[in-house]
Amino acid sequence: MARQTLVLLISSIVFNLCGLFASGSDDHSRPMILPLYLSSPNANWHHRQIFDGRRLQRSEPNSHMRLYDDLLANGYYTTRLWIGTPPQQFALIVDTGSTVTYVPCFDCEQCGRHQDPRFQPDLSSTYQPVKCDINCNCDKKEAQCTYERRYAEMSSSSGVLGEDVLSFGNESELVPQRAVFGCENIETGDLYSQRADGIMGLGRGRLSVMDQLVDKGVISDSFSLCYGGMGVGGGAMVLGSIKLPPDMVFTHSDPFRSPYYNIELKEIHVAGKPLKLNSKIFDGKHGTVLDSGTTYAYLPKDAFHAFKDAVTRKVNFLKQIHGPDPNYQDICFSGAGRDVTQLSKVFPQVDMVFTKGQKFSLSPENYLFPHTKVSGAYCLGIFANGDSTTLLGGIVTRNTLVTYDRANDKIGFWKTNCSELWKRLNYSNAPPPVPSAFDGRNTSVEISPSIAPSGLPDTVIPGVLQVGLISFDMMLSINNTIKPNFTELAESIAHELELNISQVRLMNYTHTGNNFVIRWAIVPAESANCFSNTKATGIIRRLKEHQMHIPQKFGSYQLVKLKVEPQMKRSWWKQHYWAVVVAVIVTSVLGLLALGTWLVWKYRLQDIVSYEPVAARAIVPEQELQPL
């Protein structure tokens with residue numbers, strides 16, 4: 001279980017781009033909305049909050065792009081970003097604690113096996129290296145600027161800097177923009193082992209995506225994050241400003257206090273009572289920092305023990321048990337029930353109190369995570385930090401719209417249902433697609449435009465459509481030309497899509513070199529004529545959003561075609577097949593019974609009829625025939 005996915009940066013960027021980015025644009029500043037979606041559509045529970053009718057209104061036109069993965073399952077959320085012309089796709093962690101956006105480079109000396117193929121500058125007609133000058137550290141050839149990032153959990157990323165076109169997908173109104181990003185040569189630690197390709201930096205800094213887009217004048221200097229609740233996921237990310245609700249709770253964020261997004265946390269209340277702590281305890285080192293790249297929350301040692309003791313006293317009727325991972329001394333409680341919507345009746349409310357007494361309330365889902373081995377048990381997602389910094393990760397802001405108003409140096413909190421936020425934003429008009437050159441295809445391998453995944457339907461399945469067959473083509477890029485074990489691969493696909501192995505059928509395959517294009521068919525269960533709408537939705541979403549995790553020995557895969565076919569109208573014979581079979585069987589059985597009964601009756605009748613012996617008959621004189 002990951003303690004920290006991407007935590008506070010402990011070395012600064014070794015590159016200064018003052019004056020490198022041109023500001024100003026003919027395009028108006030427009031916020032960019034990015035909805036988040038749950039990694040698994042078949043969660044064990046669903047958290048639904050009652051809305052009070054307040055609507056989040058837009059002050060400007062919005063564009064959006066999707067986010068994927070789940071906070072607790074993966075430790076992060078990712079978004080799809082396309083780089084180059086034609087575009088190459090990457091899954092990047094959304095991280096407010098990082099400034100540089102980087103992806104693995106094609107010649108990376110030490111990069112892990114990630115979700116997508118590495119970036120190939122030679123395949124992009126718009127790529128330009130950032131040439132070495134006095135404002136940056138240079139590579140060994142003194143030709144290109146370099147970057148290096150190190151994180152507190154001992155992971156790191158380093159490489160060269162390049163400039164290319166960044167595209168935000170077909171659903172975005174924001175047209176592709178040129179930006180500087182990192183092309184990785186070496187990655188270590190969690191960055192090496194994670195499935196995501198790299199990082200999308202939203203922190204403060206000249207290399208941040210936010211800073212670059214703001215400098216171009218294409219968005220306002222504000223963005224928001226909204227993570228879905230426990231077991232639900234979903235939500236939205238907003239790049240740019242929107243008209244926020246009047247009851248949003250704001251706190252000052254001092255950009256000079258630290259290079260991270262900090263807030264002025266003064267007190268923590270548990271069940272209405274403040275923890276007996278000096279308010280300065282939350283102001284040590286970097287202060288209280290919000291970091292979307294960190295999964296859990298970390299308090300200074302004294303604050304953690306005070307918080308743990310206060311919560312434990314309130315739930316002393318629950319049994320305290322060991323955590324799911326023996327390597328960590330988690331504080332866990334059993335007997336709370338599986339319904340997460342009822343946790344507030346068991347666990348206390350926690351309040352964060354800011355300067356001037358502003359108070360923001362946390363639900364139990366904001367400081368608990370489900371025990372993975374004991375049903376109905378939950379563990380504290382708040383831990384003791386190794387230093388005096390208070391670090392608040394994504395768990396604290398679930399079902400909370402957090403607005404980073406950088407222009408006004410403040411951060412706001414508003415409790416809401418993040419899974420439904422996208423609908424509440426009233427996006428009734430679909431935005432126009434980006435130019436066809438930026439259709440979202442990953443061109444590391446050649447894919448026909450007619451079967452590119454950008455043409456896949458966004459919404460899942462209309463309620464009137466009964467899906468009878470789902471077929472898709474997947475491209476495998478493996479390290480050798482040996483034919484993969486299709487039976488094992490089918491078992492892996494069935495497991496990932498939560499199907500029976502009999503529902504996954506190999507249609508055909510072709511291969512060129514190390515690339516195999518395999519066509520699969522997903523059929524309904526034997527007892528069903530079609531998929532349920534929910535099941536079909538889940539299968540299609542997982543395929544579209546690249547959520548299948550196949551064994552590494554099969555290499556990386558890419559979805560190149562997806563086809564959904566409605567339930568076929570069957571002939572009268574097929575529709576009544578079983579009825580006819582049953583009728584034939586019943587008729588045959590009845591016929592055999594009738595025949596058997598008749599034969600028995602006839603046999604017994606022969607035994608009952610008596611015949612007189614010949615001697616007992618009357619002797620009749622033989623008569624001659626009369627002449628004609």
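Residues numbered from 1 in each chain as written. Predicted model: local features only at pLDDT ≥ 70, side-chain atom pairs only at ≥ 80, totals over all residues. Heavy atoms only, no water.

Enquirer: Before we go on, may I ask you to explain the overall build of the chain in this structure?
Expert: Across its full length, the chain carries nine helices and 33 strands. Within the chain, the proportion of its 628 residues that are buried is 52%. Pairs at least 24 residues apart make up 74% of the contacts formed inside the chain by residues separated by at least 6 positions. Accessible surface, the chain: about 30,200 Å² in total, of which carbon and sulfur atoms supply 54%. (Helix = DSSP H or I, 4+ residues; strand = E, 2+ residues; numbered from the N terminus. Buried < 20%, exposed > 50% of the residue type's maximum accessible area, 1.4 Å probe, protein only. Contact = heavy atoms within 4.5 Å. Areas by Shrake-Rupley, 256 points an atom, 1.4 Å probe, with all protein chains shown as cover.)

Enquirer: Is there a simple way to think about the packing of aromatic side chains in this case?
Expert: Centre-to-centre distance and the angle between the planes together describe a pair of aromatic rings. If you walk through the whole model with that rule in mind, you get 18 aromatic pairs. On the basis of an interplanar angle of 35 degrees and a centroid distance of 5.3 Å, the ring pair of Phe-360 and Phe-413 is categorised as tilted. Linking Phe-360 in strand E23 (residues 359–362) with Phe-413 in strand E29 (residues 410–415), this pair joins segments that are 53 residues apart in sequence. Overall, the relative accessible area of 1% leaves Phe-413 in the buried class. One aromatic cluster is present, formed by Phe-90, Phe-119, Tyr-127 and Phe-181 through successive ring pairs. Its guanidinium or amino end placed over the ring of Phe-250, Lys-410 lies 4.3 Å from that ring's centre, counting from NZ or CZ. (Phe/Tyr/Trp six-rings, centres within 6.5 Å; stacked < 30°, edge-to-face > 60°. Lys NZ or Arg CZ within 6 Å of the ring centre and 35° of its normal.)

Enquirer: I'm lost on the sheet that holds strand E20 (residues 319–321) in this one. Help?
Expert: Hydrogen bonds between backbone atoms are what pair the strands of a sheet, whose relative direction is either parallel or antiparallel. Taking strand neighbours across the sheet as the criterion, the four strands line up as E20-E21-E25-E24 in an open arrangement whose pairing is antiparallel. Only two strands of the sheet have a single partner each, and these edge strands are E20 and strand E24 (368–370). Strand after strand, the sheet turns through a mean of 35 degrees between neighbouring axes, direction not considered. Two strands pair when backbone bridges link them, and E20 and strand E21 (residues 332–334) are joined in this way by three bridges, in the antiparallel orientation. Residue pairing across strands places Gln-320 opposite Phe-333, the latter belonging to E21. (Pairing = 2+ DSSP bridges. Axes fitted to C-alpha atoms, helices over the stretch in contact; angles between N-to-C directions.)

Enquirer: Whenever I open this one, the sheet that holds strand E17 (residues 273–274) confuses me. Can you help?
Expert: Strand order across the open sheet formed by four strands is E17-E16-E22-E23, with antiparallel pairing between neighbours. In this open sheet, the two strands that pair with only one neighbour each are E17 and E23. Pairing geometry for strand E16 (residues 265–270) and strand E22 (residues 350–354), over five bridges, is antiparallel. If you follow Ile-268 over to E22, its bridge partner there is Met-352.

Enquirer: Any chance you could explain the confidence of the model for the chain here in plain terms?
Expert: Interpretation of the predicted coordinates at a detailed level should be avoided for regions scoring low in pLDDT. On average, residues of the chain score 77 in pLDDT, and 74% of them are at 70 or above. In the model of the chain, strand E1 (residues 32–36) stands out as the element of lowest mean pLDDT, 47, in contrast to strand E6 (residues 102–104), which has the highest, 96. Contacts of residues 32–63 to residues separated by more than four positions or lying in other chains number 149 contacts, the stretch itself having pLDDT below 50. When the criterion is pLDDT under 50, residues 426–464 qualifies, and its contacts beyond four places in sequence or with other chains add up to 88 contacts. (pLDDT = per-residue confidence, 0-100.)

Enquirer: Mind showing me how you'd approach the UniProt feature "active site" (unreviewed entry) in the chain here?
Expert: Here, the residues flagged by UniProt with the feature "active site" (unreviewed entry) are Asp-95 and Asp-291. Annotated residues spanning 197 residues; largest pairwise C-alpha distance 6.9 Å, indicating a single compact cluster. When you line up the elements, Asp-95 lands in strand E5 (residues 88–95). Inspection of the secondary structure assignment puts Asp-291 in the loop between strand E18 (288–290) and strand E19 (297–299). Looking at Asp-291, the relative accessible area reads 2%, which means it is buried. (UniProt positions renumbered as here; feature names shortened; annotations may be inferred.)

Enquirer: Teacher, can you tell me more about the pattern of salt bridges here?
Expert: Think of it this way: side chains of opposite charge can pair up when their charged atoms draw near. For the structure on display, the rule yields nine salt bridges. Residues Arg-206 and Asp-215 are paired through a salt bridge, measuring 3.2 Å at the closest nitrogen-oxygen approach. Of the residues examined, Arg-206 reaches a relative accessible area of 32% and is grouped as partly exposed. Salt-bridge contacts for Asp-387 lead to Lys-285; the nearest nitrogen and oxygen are separated by 3.1 Å. One end of the pair, Asp-387, is in the loop between strand E26 (382–384) and strand E27 (390–392); the other, Lys-285, is in the loop between E17 and E18, with 102 residues separating them in the sequence. Asp-387 sits in the partly exposed class, given a relative accessible area of 29%. Each of Asp-211, Asp-221 and Arg-406 takes part in one network of salt bridges that share partners. (Salt bridge = Lys/Arg side-chain N within 4 Å of Asp/Glu carboxyl O.)

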